Amino acid sequence: MTDVDFTALGIEPAEFKQKYGPWALIAGASHGLGAVFARQLASLGLNCVLLSRRPPVLEELQRELESDYGVETLVVGVDLMTEEAVATIIDKVGEREIGLLVFNAGAPPFTENFLKASADEWAGFVRMNTVTVYRCCHHFGGQMVERGKGGVILVGSHAGFGGTRKLSLYTGTKGFILNLGESLWAEWKDLGVDVLNLVIASTDTPTMREHMAAHGMEVPEGMATPEEIVPLGLAKLGDGPTLVHPDDVDVPAGEKTRGDLRRDHVLESTRISAQFIGD
Ligand SMILES: NC(=O)c1ccc[n+]([C@@H]2O[C@H](COP(=O)([O-])OP(=O)(O)OC[C@H]3O[C@@H](n4cnc5c(N)ncnc54)[C@H](OP(=O)(O)O)[C@@H]3O)[C@@H](O)[C@H]2O)c1
């Protein structure tokens, strides 16, 4: 059972469920941040679509959520790197009303130099972090806009702020997601749909541990955990477009944070571009 004090974080559970329910879809729910999102959303009373490549792992989580929180769940086993992924998701979700999309999957398959993998080997990862993300936003976000309510959380990375050796297509695609999310925030903020880029730094997840083990490294002490990041993302969902962890946490009142500065930038660039491309 999760023991998060949502009220202390400014989340009123009934209101949250009304705005972002009845269903959340968590793309990448089998472990790490995604599983924590699922537990915390279920504890807020949202039904959960649990998605990853490993249905047996998701089915364990499904049993836990249904017995601990009494919510409904749906398991969708799909590889987000494939061309048919979004059509499969839409088909399996059916008539369920998705009020919150959490796109969490997105770590790179290789932490290696660009030329270490072939162009074809990179292709599925690039598809997942570009086409699959935007198609999910288009479909589920589009339905939210029609309803005039809902939310989208895109889990991002500091890698999206600029280039980094051995992270070429990771930095490239995370930059894509960041800009996409900030643009959708600007388009949907007055239509009742919240968009938040939850931009994080190194976090203790099974994938991070695997990458570090592959390089013969040990996980350092004090790494951020999904349990501390996820509640912040839920609490700041209405405060988009971007929350940068840990930079935006515990900032003294009156001091601008990176997230604030990015919001100012999005609003200013929206104002300037309107002179050329209209409102
Ligand atoms: N961990 C960090 O240090 C860190 C730092 C900055 C940003 N982030 C971001 O945080 C998010 C989560 O990262 P993570 O470390 O937990 O790793 P991740 O590999 O992105 O895994 C997260 C979830 O995504 C699922 N997943 C991965 N590839 C998938 C695919 N092709 N199709 C369907 N599901 C897939 C995994 O499940 P299955 O394996 O069961 O499919 C798992 O449930 C990512 O967007 C990452 O970029 C992480």
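Throughout what follows, the structure given in this document is the object of discussion. (Residues numbered from 1 in each chain as written. Predicted model: local features only at pLDDT ≥ 70, side-chain atom pairs only at ≥ 80, totals over all residues. Heavy atoms only, no water.)

## Side note on the overall build of the chain
Item 1. Within the chain, the regular secondary structure consists of 9 helices and 7 strands.
Item 2. Compactness check: the chain gives a C-alpha radius of gyration of 18 Å against a globular reference of 19 Å for 279 residues, within 12% of the reference.
Item 3. Structurally, the chain occupies a C-alpha span of about 50 × 50 × 40 Å along its principal axes.
Item 4. Considering only contacts in the chain between residues 6 or more positions apart, those separated by 24 or more positions represent 70%.
Item 5. Carbon together with sulfur atoms contributes 51% to the accessible area of the chain, which is approximately 13,500 Å² in total. (Helix = DSSP H or I, 4+ residues; strand = E, 2+ residues; numbered from the N terminus. Rg over C-alpha atoms; globule rule 2.2 N^0.38 Å. Contact = heavy atoms within 4.5 Å. Areas by Shrake-Rupley, 256 points an atom, 1.4 Å probe, with all protein chains shown as cover.)

## Some thoughts on the side chain of Thr 111
Item 1. As for its placement among the helices and strands, Thr 111 is situated in the loop between strand 4 (98-103) and helix 5 (119-147).
Item 2. A polar atom in the side chain of Thr 111 sits 2.9 Å from the side chain of His 215.
Item 3. Excluding its chain neighbours within four sequence positions, the residues that come into contact with Thr 111 are Lys 166, Leu 167, His 211 and His 215. (Polar contact = N/O pair within 3.5 Å; in protein donor to acceptor, adjacent residues only side chain to side chain.)

## Observations regarding the environment of Arg 53
Item 1. As for its position among the elements, Arg 53 is in the loop between strand 2 (47-52) and helix 3 (55-69).
Item 2. Along the primary structure Arg 53 and Leu 80 are separated by 27 residues, whereas in three dimensions their C-alpha atoms are 8.0 Å apart.
Item 3. Once you skip the residues sitting within four places of it in the chain, Arg 53 turns out to touch Val 78 and Asp 79.

## Regarding the environment of Leu 80
Item 1. In this structure, Leu 80 sits in the loop between strand 3 (73-77) and helix 4 (85-93).
Item 2. Between the C-alpha atom of Leu 80 and that of Ser 52, which follows or precedes it by 28 residues, the distance is 7.8 Å.
Item 3. Aside from chain neighbours lying at most four places away, what touches Leu 80 is Ala 27, Leu 51, Ala 85, Ile 89, Phe 103, Ala 105, Met 128 and Thr 132.

## As for the nonpolar core
A general tendency of soluble globular proteins is for nonpolar side chains to be buried together.
Item 1. Leu 25, Leu 80 and Ile 89 are the most contacted members of the largest nonpolar core, which has 38 residues in total.
Item 2. Ranked by the residues each element gives to this core, the list is headed by helix 5, at 8 residues.
Item 3. With 37 residues, the next largest nonpolar core counts Ile 11, Phe 37, Leu 65 and Val 102 among its residues. (Core = buried A, V, L, I, M, F, W, Y, C linked by side-chain atoms within 4.5 Å. Buried < 20%, exposed > 50% of the residue type's maximum accessible area, 1.4 Å probe, protein only.)

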